[in-house]
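In case you want the letters, here they are:
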Amino acid sequence: MSLDAWVQAFHFLRPLWLLALPPLWALVAWLAHRRARGEDWSGVIDADLLPALQLDGQDAGAPVARMARPWPWLALAWTLAVLALAGPSWQQDSSPAYRAPAAWVLVLDLSPSMAATDLAPNRVTRARYALDDVLGAAHDAQVGLVAFSDEPYVVTPLTQDVATVRALMPALAPDMMPSAGDHLAPALAQAQKMLAASGTRDQHIIVATDGLDDPAAALRMASSLKAQGVSVSVIGVGTPGGAPLRQADGSFAKDAQGQPQLARLNQEPLQQLATLGGGRYVEAASVSTLVADLQATHPMPGEALAATGVEVAHWHDAGAYLLPALLLLAALLARRRWL
């Protein structure tokens, strides 16, 4: 680097430390003046008695002049310390950029149809098993959990404590919801709010459901999430043949003809939801496929995920180069009778 380029590039990373130099220099001057006045006894003690009261090797007429003066060295040491703290820099280094930990929001359907028993023991239990498998791939990702029926409810905010999320899932069931419904769009909106506050770029929403009552609104929301960089994957829970739908009192619900009402899994809107959301649709029995996709974009524990082709430039802190000289001065100042 040429001298002109060096002068143009030279700067301090923490320049406010330089404000400490004038007070430190003033302190050194005051200490030196105070020490000189304190050791010059010639104006106070009789000249015949002063030699007998002084230490060996000290001249009565100029006691300070014959002794080593540490004050310039002390000022230099403090100056070097402040310059090191200010962070002198004149060259840049580059390092690979790394992605922040991923953020996943699990969305669990707790509508009445999730109590159907076409999947043993019932749909909601199988959905919880599937989401538990997803949690097994989370590693150090932030994970949140939202349950919904007609309205969404945040079970856990985004956290890296996967064990807590797992511990809360077994208690989730349709009969705990205050009202019935199957509205996915508000749940997706709630998940989007959680992800927006996370500050991460690798964001996923995983929905476990057997259907939805608001397909048009849910599809619009999934498309909007994809445009924001959030993928929406869907785990279909249930069978196309379905199972009788039980009411709150335990009896089977019936249709207008008096026949048992069946809760069927309609895969088409769920597949479309995953396609518009940029994710994957899988059935509960094949959730391992989705887990493999999530693992492919998420590092193992303790590993950082480098952003491909992206490097971050930063100024090199050269303050450490001043430390050897500072340590040498500190050793000299520690000599006996200097301070």
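Residues numbered from 1 in each chain as written. Predicted model: local features only at pLDDT ≥ 70, side-chain atom pairs only at ≥ 80, totals over all residues. Heavy atoms only, no water.

Caption draft 1: Main features of the nonpolar core. Grouped together as the largest cluster of nonpolar side chains are 34 residues, with contacts concentrated most on Trp104, Leu106, Leu131, Val134, Ile206 and Ile235. At the level of elements, strand 4 (103-109), helix 5 (123-135), strand 5 (142-148), helix 6 (162-168), strand 7 (203-209) and helix 10 (287-296) are the ones that each hand at least two residues to this core. Once residues lying within four places of it in the same chain are set aside, the contact partners of Ile235 are Ala130, Leu131, Val134, Ile206, Val207, Ala208, Thr209, Val282, Glu283, Ala284, Val287 and Leu290. Among the nonpolar cores identified, the runner-up in size contains 27 residues, and Leu212, Ala218, Met221 and Tyr281 belong to it. (Core = buried A, V, L, I, M, F, W, Y, C linked by side-chain atoms within 4.5 Å. Buried < 20%, exposed > 50% of the residue type's maximum accessible area, 1.4 Å probe, protein only. Helix = DSSP H or I, 4+ residues; strand = E, 2+ residues; numbered from the N terminus. Contact = heavy atoms within 4.5 Å.)

Caption draft 2: Spatial organisation of the side chain of Ser111. Turning to its location among the elements, Ser111 is positioned in the loop between strand 4 and helix 5. With a relative accessible area of 2%, Ser111 lands in the buried category. Only 3.5 Å separates the side chain of Ser111 from the side chain of Asp182, close enough to count as a polar contact. When near neighbours in sequence (up to four residues on either side) are disregarded, Ser111 contacts Phe148, Pro174, Gly181, Asp182 and Asp210. (Polar contact = N/O pair within 3.5 Å; in protein donor to acceptor, adjacent residues only side chain to side chain.)

Caption draft 3: Region of the structure containing the UniProt feature "transmembrane region" (unreviewed entry) in the chain. UniProt's entry tags residues 12-32 and 71-90 with the feature "transmembrane region" (unreviewed entry), counted in the numbering of this structure. For residues 71-90, helix accounts for 80% and strand for 10%, while the C-alpha atoms at its two ends are 31 Å apart. (UniProt positions renumbered as here; feature names shortened; annotations may be inferred.)

Caption draft 4: Layout of the sheet that holds strand 11 (residues 278-283). As summarised here, the arrangement of the six strands in space is 6-5-4-7-8-11, forming an open sheet in which the pairing is mixed. For this open sheet the edge positions go to strand 6 (152-159) and strand 11, each flanked by a neighbour on one side alone. Across the sheet, the mean angle from the axis of one strand to that of its neighbour is 15°, orientation sign disregarded. As paired strands, strand 5 and strand 6 are joined by five bridges and run antiparallel to one another. Bridged to Val143 within strand 6 is Thr159. Lying on the sheet, helix 9 (residues 267-276) is in contact with strand 7, strand 8 (230-236) and strand 11; it crosses strand 11 at an angle near 150°. On the sheet, helix 10 packs against strand 4, strand 7, strand 8 and strand 11 and is oriented at approximately 150° with respect to strand 11. (Pairing = 2+ DSSP bridges. Axes fitted to C-alpha atoms, helices over the stretch in contact; angles between N-to-C directions.)

Caption draft 5: Up close: the environment of Leu273. Its location among the elements puts Leu273 in helix 9. Judged by relative accessible area, Leu273 falls into the buried class, the value being 0%. Put simply, Leu273 and Ser233 are 40 residues apart on the chain and 8.0 Å apart in space, counted from C-alpha to C-alpha.

Caption draft 6: Broad picture of the packing of helix 5 against helix 10. Contact geometry for helix 5 and helix 10: axes closest at 9 Å, N-to-C directions at 25°. Considering the angle they form, helix 5 stands roughly parallel to helix 10. Regarding helix 5 and helix 10, the two cross each other, and that crossing is right-handed. The segment helix 5 lies against helix 10, with Ala130, Asp133 and Val134 engaging Val287, Val291 and Leu294. Residues that form the contact of helix 5 with helix 10 fall into these classes: five nonpolar, no polar and one charged. (Parallel < 35°, antiparallel > 145°, perpendicular 65-115°, else oblique. Left-handed = near helix turned anticlockwise from the far one by under 90°. Nonpolar A, V, L, I, M, F, W, Y, C, P; charged D, E, K, R; others polar.)

Caption draft 7: Structural view of a nonpolar patch on the surface. Residues Leu3, Trp6 and Val7 make up a contiguous nonpolar surface patch of roughly 300 Å² in combined accessible area. By the secondary structure assignment, Val7 is in helix 1 (residues 3-9). (Patch = residues over 30% accessible without salt bridge, like charges linked within 9 Å, V, L, I, M, F, W, Y side chains within 5 Å. Areas by Shrake-Rupley, 256 points an atom, 1.4 Å probe, with all protein chains shown as cover. Salt bridge = Lys/Arg side-chain N within 4 Å of Asp/Glu carboxyl O.)

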